[in-house]
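# Chains, contacts and geometry: an overview
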Amino acid sequence: MDSQKCLTIEEVASRTNSSIKFVRREVISGNLKSFKSHNRYYINEDDFNSWKEIERKTSFDFDKIPSPKEDEVNWVDISKEMNEIDAWKNPSNLTDFNFIDLFAGAGGLSCGLTMAGFKPVGSVEILEPAVKTYRRNFSENHHFGEVVETRDIREETVKADLVEKVKDIHVHLIAGGFPCQGFSMAGNRIVNDERNSLYREMLNIVSRIKPDFVLMENVEGLRSMLGGEVEKKIISDYKEIGYEINVTVLNAADYGVPQTRRRVIFIGNRIGKKNYHPSPIYSPEKYKTVKDGIEKYLNLNEDKSFNHEFTRHTKEMTERLGKLEQGKSLYANYSDAWKRVFWDKPSPTVKENHGGVNVHPLLPRVMTARELASLQSFPEDFIFEGTKKWQLVQIGNAVPPLLGKAVGLAIRKNLEGELDNE
């Protein structure tokens with residue numbers, strides 16, 4: 001096929017008023033048919049038109065969605081507990097509260113919930129390098145009893161095994177961040193789509209295990225998908241199985257993460273309590289900065305065992321990076337990639353970008369996996385498995401542990417009966 005008569009990813013993005021990243025995701029996922037020529041993707045005009053019609057009805061570019069209306073939120077102060085409790089470092093802080101993490105990834109949310117004193121009793125994750133990371137940190141290093149395996153939540157045997165495993169355990173919390181790209185509508189109702197099956201799998205597991213609380217984390221853009229109907233459906237679906245849900249957006253920087261990362265957090269319970277979200281601890285002028293996160297590694301030699309592996313830049317690239325100003329991107333077309341971050345401000349969102357998002361603010365190179373993990377607030381003893389590429393994918397996809405800890409502490413205080421539930 002003649003690539004001259006086809007569209008590039010950049011042209012598709014321009015025609016649809018979408019971000020390049022969004023279109024690239026659609027190409028890689030197979031939703032937008034394409035072919036590759038001279039190491040570039042091209043899209044046939046007919047395939048573009050077919051995709052555009054489907055996407056107009058079913059999908060949204062999360063980078064271009066307006067903010068929702070103000071939420072009804074119950075806030076709880078967890079600042080004291082954030083300073084005093086860390087069961088990751090001190091196992092004596094663990095409680096008898098148990099949790100299951102679905103779509104666990106490398107374990108960012110699990111790490112945060114463990115910090116808050118919850119004990120992991122089950123997890124599900126399909127990406128093999130992430131499973132190896134989870135196993136190393138939770139089973140091998142911290143000696144939690146669960147057997148961590150690569151598992152596909154869509155398989156009935158996986159769900160049945162999980163339900164069987166915890167049948168004699170009081171599960172206080174099920175947590176998970178399900179993918180959300182597949183919600184679509186017909187008339188005035190949301191219809192089933194193979195791509196949102198993972199949301200339904202989580203709903204199914206919650207309905208079978210019946211934990212006291214459920215915690216769902218997702219991208220902020222989910223809130224305005226289909227004009228807010230997706231959020232309404234999630235709340236309605238959980239109400240049908242006995243859970244009252246409250247939802248709002250939290251910024252990880254408000255809880256000590258040296259990074260601006262906004263996520264929508266659904267909290268629900270079936271035991272007649274109010275749902276509480278953690279009150280912000282830090283104001284913007286007190287936010288932790290990139291310096292706070294990575295200064296300790298400034299003069300550290302390369303150490304692959306510690307995930308501190310340098311990218312081998314060419315001499316020309318090293319010179320270009322050395323001249324790059326803080327806050328500027330190396331490429332005009334990629335404003336959120338190859339960007340030199342500010343030393344004295346929180347990092348922008350750490351993304352799954354194979355290391356190309358954050359250029360070190362002081363050194364002529366991109367950041368290492370260890371530095372990015374620190375910007376995500378992972379503990380120093382949390383080691384990522386796999387090649388550097390897969391380490392970066394795991395880190396970019398993770399929930400910042402300190403954000404997970406803050407939410408976990410709010411739920412813990414509720415379970416302990418410390419909060420007003422009148």
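What you are looking at is a predicted structure, and each value in this text was computed from that prediction instead of being measured. (Residues numbered from 1 in each chain as written. Predicted model: local features only at pLDDT ≥ 70, side-chain atom pairs only at ≥ 80, totals over all residues. Heavy atoms only, no water.)

What follows concerns the sheet that holds strand S1 (residues 7–8). The antiparallel open sheet is built from three strands, whose spatial order is S1-S3-S2. What marks the edges here is a single partner per strand, and that holds for S1 and strand S2 (35–37). With two bridges connecting them, S1 and strand S3 (residues 40–43) associate as antiparallel partners. Note that in S3 the partner of Leu 7 across the bridge is Ile 43. (Pairing = 2+ DSSP bridges. Helix = DSSP H or I, 4+ residues; strand = E, 2+ residues; numbered from the N terminus.)

The next thing to look at is the sheet that holds strand S5 (residues 98–102). The mixed open sheet is built from six strands, whose spatial order is S6-S5-S7-S10-S12-S11. Strands at the two margins of the open sheet, each flanked by one partner only, are strand S6 (119–124) and strand S11 (244–251). On average, each strand axis in the sheet is inclined to that of its neighbour by 20°, with strand direction left out of account. As paired strands, S5 and S6 are joined by five bridges and run parallel to one another. Looking at the pairing, Asp 101 lines up with Ser 123 of S6. Here helix H8 (residues 197–209) sits on the sheet in contact with S5, strand S7 (173–176) and strand S10 (213–219), set at roughly 175° to S7. Contacting S10, S11 and strand S12 (262–269), helix H9 (residues 229–240) runs over the sheet at an angle of about 140° to S11. (Axes fitted to C-alpha atoms, helices over the stretch in contact; angles between N-to-C directions. Contact = heavy atoms within 4.5 Å.)

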